[in-house]
Amino acid sequence: MNTMGISTDPALLQVELSQNLLESPSVSTFMPEEEASIYPLLSSNTNGTITPLTFSHPLTPCIDNDNDSNMSTNLCNEDGKVETSSSSGSSSGIGISVPSDIDASTTLFNKHSYKHLPNNNVIQDANGHGPNGNIPLPKDTPSFVSWNWPLIRKCTFFVFMSSLLAMCAIVVAMIVTLPNVCNPKTVWYRGNVFYEIFPASFQDSDNDGMGDLRGVAKRIDYLKALGVTAIRLNSVFNSPHYPEDFENVTSLKIITPHLGHLDDMRQLTRMLHSHNISIILDIPLHPFIKKLGESRGGLFINNSINDIVDNGYETTVQPQIVVTENLITECLQYWLEMGIDGFYIKGLEHVEDIENLPHHLIEWKNLLGADKVLIIEAGVLSKLSLSQRQFALKHVDLIDVHLDVFAGTSQLETKLTSLMHSEMRPSKTGVWIHWSLGGVDKTRLTRNQSSVDFTLAATLMQLMLPGTCNIFYGDEIALQAASDSLNEHVETKHLHHLAVMRWSFNDSLQFTNRETLPWLPKSPDVDFHHLQYIKKMIALRNRSPSIYKNAICKTDAILQNTAIRRSHDDILVIERVYPRRNSFVSISNFGRKQVTMDMTSLYYSGIVMLNNSDQKIYFSDFKINAQETIIVRLDK
């Protein structure tokens, strides 16, 4: 006991301790109550004889005696077991069940060892432990108590954080991919801008002095930057002397060798489609085709179109698509297989059997389908009767209307107003107007150096009109007709308006190389500064429903969103509106002098567009230069 720090002085204990008592077992065995008071440290046997019992105090160290080493070892390693009485009132001792394989001293002072729990009523986990270390569990404890809760908490936290991060990532991705504006959509050929190209004058790729299809493919980046939706290729078919007599075609399937081959057309189509640009072919009928021929593509075989329209009879039966074998239908089928996106049927007004045109239009449109565009000239409609004209308009997508901007603002305003209220008026479905200012059979807008600004003013005015706009190549830079002051090219004088395209000096690729002369003489200087205004105006048109939509379509009515006004003698005003969108107005001065006027009866103020800075303008003292068009976003 000295090693434990407890004194064994007999005077301290007031009892004389024997050596045997010091070596007694570690667990006391109490005698019955009637004997315990007489012999507090002795046990008795059943016959009443008193036998000394070796007793070891729990705090007493084991003392190894030479005479009884085995007993000491056993006593130090095993605890005695005491009988316990079932009666709490007359208990003769305290029963403690101690595992025999656990060290006495370790077990005694282990705070997690609860020896009072019965061994036969515990539930242990796979490692032989309870849910809290070494604490055993009763059998009636729920099973989830023994689960691995630390791991469950970690997994739950990981899943929660992962889900939270995933939801945040989805929200961020949705915000990033959302469009800046939510504008109403239209079919690809409605409200957009087309670009008409005469291939022989656009770009030369083999340095022979004449443009070709591969040259057009080299300028796709230019077309994409310009912002056009489709290009129109006119006069690509074979003729006896191309390009001098490009109108006298000999076939509608063979491309003239001067422009390339069929593989070049396929490659050009694929490249344009990869840049989201469509391709449209002009199909010149006159003078190659004088009669349309037979057509079985009508809705009704036994009834004429006049009877159908006059009686107002409508049928829900789908038309039977019967393809008639004639040159025009075979041509359309052939080029559709090449990936062409639409056709401009030109020269229909010269055919002899024009009264059968509605039947052919039905057949052609059924052949093209809804995604391909069919274009005809406005002059064709004047050749048809009222009933035929109404029926033909239902099977045409675009009507080409040429505007003569040199006729004066009075005639221009009259024509625009009449078109807005004619059979081609803006509507939700049906035909749209295809506006054009120039073409292969028209003179150039820039007729001389003094009208360079006039070309820009007219083009900007055109881009404000409802419908689809068509820009003839070179008008975006005020390209003029070929200059032949020495009369060296008299034989091609009728083609001088098809002058070769001029490219900026900063562009490494010119029309042809310096050693080769173009097939037409060059035009005078152009104005490349106009190009940036045309690009900005096309971009403004593409993102503004007020401009690219031709009407306000409601459930019960269709309202026009265009107002045409004329002020003074040379001022033309075009106003475009759309619900819950910005309103725009263009003021064009086609005269030769500056005009100052008060327009507060119509508008108060606005922001001038197409400039690098937002310039505020007030209409109380509005000034506009000669041959200028100003685009203003009206203040709300």
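Residues numbered from 1 in each chain as written. Predicted model: local features only at pLDDT ≥ 70, side-chain atom pairs only at ≥ 80, totals over all residues. Heavy atoms only, no water.

Under an unreviewed UniProt entry, the name given to the protein is Glycosyl hydrolase family 13 catalytic domain-containing protein, and the organism recorded is Glossina morsitans morsitans.

Enquirer: Explanation requested: the overall build of the protein in the structure shown.
Expert: The helix and strand tally for the protein stands at 18 helices and 20 strands. Across the 636 residues in the protein, those meeting the buried criterion constitute 42%. A total of about 34,700 Å² of accessible surface is found on the protein, and carbon and sulfur atoms cover 53% of it. (Helix = DSSP H or I, 4+ residues; strand = E, 2+ residues; numbered from the N terminus. Buried < 20%, exposed > 50% of the residue type's maximum accessible area, 1.4 Å probe, protein only. Areas by Shrake-Rupley, 256 points an atom, 1.4 Å probe, with all protein chains shown as cover.)

Enquirer: Whenever I open this one, unusual backbone geometry confuses me. Can you help?
Expert: Excluding glycine, a negative phi dihedral is what most residues carry, and trans is how most peptide bonds are arranged. Following Tyr242, the chain continues to Pro243 via a peptide bond in cis, the omega torsion being 5 degrees. Among the structural elements, Pro243 can be located in the loop between β4 (230–233) and α9 (262–274). A positive phi is found at Asn487, a non-glycine position, where the angle reads about 55 degrees.

Enquirer: Is there a simple way to explain the confidence of the model for the protein in this structure?
Expert: Detail in the predicted coordinates should be disregarded across regions flagged by low pLDDT. Chain-level pLDDT for the protein is 81 on average; 75% of the residues reach the 70-or-more range. Every residue in residues 101–106 scores below 50 in pLDDT, and together they form three contacts with partners more than four places removed in sequence or on other chains. Taken together, the stretch residues 299–319 has pLDDT below 50 and engages in 20 contacts with residues farther than four places along the chain or on a different chain. (pLDDT = per-residue confidence, 0-100. Contact = heavy atoms within 4.5 Å.)

Enquirer: For this particular structure, what's the right way to read the environment of Val452?
Expert: Along the chain, the position of Val452 falls in helix α16 (residues 452–462). In this structure, the C-alpha to C-alpha distance between Val452 and Leu479, residues 27 residues apart in sequence, is 8.4 Å. Val452 has contacts with Thr446, Ala478, Gln480, Asp527 and His530, leaving out every residue within four places of it along the chain.

Enquirer: Help me understand the pattern of salt bridges in this model?
Expert: Pairing between side chains becomes possible if they bear opposite charge and their charged atoms approach one another. Under the defined criterion, the tally for this structure stands at 15 salt bridges. Arg389 serves as the salt-bridge partner of Glu423, at 2.7 Å between the closest nitrogen and oxygen. Placement of the pair is Glu423 in the loop between α15 (409–420) and β9 (432–436) and Arg389 in helix α14 (residues 386–393), with a sequence separation of 34 residues. Using a relative accessible area of 30% as the deciding quantity, one classes Glu423 as partly exposed. When its relative accessible area of 18% is taken as the criterion, Arg389 is described as buried. Among the salt bridges present, the one from Arg565 reaches Glu575, with a minimum N-O distance of 2.6 Å. Of the two residues, Arg565 sits in strand β13 (residues 562–567) while Glu575 sits in strand β14 (residues 571–576), which places them 10 residues apart along the sequence. Connected through salt bridges with shared partners, the residues Glu196, Arg232, Asp282 and Lys346 form a single ionic network. (Salt bridge = Lys/Arg side-chain N within 4 Å of Asp/Glu carboxyl O.)

Enquirer: In this structure, what is going on with the packing of aromatic side chains? I would like to understand it.
Expert: Two aromatic rings, taken as a pair, are described by how far apart their centres are and by the angle between their planes. Enumeration over the complete set of coordinates arrives at 17 aromatic pairs. Each member of the aromatic cluster is reached from another via a ring pair, and the members are Tyr195, Phe202, Tyr222 and Trp503. Just above the ring of Trp503 sits the side chain of Arg219; from NZ or CZ to the centre is 3.7 Å. The lysine or arginine in question, Arg447, covers the ring of Phe406, its NZ or CZ lying 3.8 Å from the ring centre. (Phe/Tyr/Trp six-rings, centres within 6.5 Å; stacked < 30°, edge-to-face > 60°. Lys NZ or Arg CZ within 6 Å of the ring centre and 35° of its normal.)

Enquirer: Please explain the sheet that holds β9 as it appears in this structure.
Expert: Note: strands within a sheet are paired through backbone hydrogen bonds, in either parallel or antiparallel orientation. Taken together, the eight strands give a closed barrel; going around it, the order is β3-β4-β5-β6-β7-β8-β9-β10, and neighbouring strands pair in parallel fashion. Averaged over all adjacent pairs, the angle separating strand axes in this sheet is 25 degrees, with direction ignored. Summarising the sheet, strand β5 (residues 278–284) and strand β6 (residues 342–346) pair through five bridges and their orientation is parallel. Each residue of the ladder has a partner; that of Ile280, found in β6, is Gly342. Helix-sheet contacts for α9 involve β4 and β5, and the interaxial angle to β5 is about 140 degrees. (Pairing = 2+ DSSP bridges. Axes fitted to C-alpha atoms, helices over the stretch in contact; angles between N-to-C directions.)

Enquirer: Looking at this structure, I do not really get the UniProt feature "transmembrane region" (unreviewed entry) in the protein. What am I missing?
Expert: With numbering matched to this structure, UniProt assigns "transmembrane region" (unreviewed entry) to residues 157–178. In residues 157–178, helix accounts for 95% and strand for 0%; the two terminal C-alpha atoms are 32 Å from one another. (UniProt positions renumbered as here; feature names shortened; annotations may be inferred.)

Enquirer: Would you take a moment to explain the side chain of Arg190 for this structure?
Expert: Here Arg190 shows up in the loop between α6 (149–177) and β3 (193–197). Despite its burial, Arg190 remains without a salt bridge, the nearest opposite charge being carried by Asp397 at 5.5 Å. Beyond its immediate stretch of four places on either side in the chain, Arg190 contacts Lys428, Thr429, Gly430, Trp432 and Thr468. (Lys, Arg positive; Asp, Glu negative; His and termini not counted.)

Enquirer: Can you help me understand the environment of His434 in this one?
Expert: Among the secondary structure elements, His434 is positioned in strand β9. Judged by its relative accessible area of 0%, His434 is buried. On a C-alpha basis, the gap between His434 and Ile399 in space is 5.4 Å, while along the polypeptide they are 35 residues apart. A distance of 2.9 Å separates polar atoms of two side chains, one belonging to His434 and the other to Asp400. (Polar contact = N/O pair within 3.5 Å; in protein donor to acceptor, adjacent residues only side chain to side chain.)

Enquirer: Looking at this model, I keep getting lost on the nonpolar core. Mind explaining?
Expert: For soluble globular proteins, nonpolar side chains are generally found buried alongside one another. Counting residues in hydrophobic clusters, the biggest one holds 111 residues, and the most contacted among them are Tyr195, Leu223, Ile231, Leu233, Trp335, Trp364 and Trp435. Looking at this core, the element that brings in the most residues is α16, giving six residues. With 16 residues, the next largest nonpolar core counts Ile587, Met597, Phe619 and Val632 among its residues. (Core = buried A, V, L, I, M, F, W, Y, C linked by side-chain atoms within 4.5 Å.)

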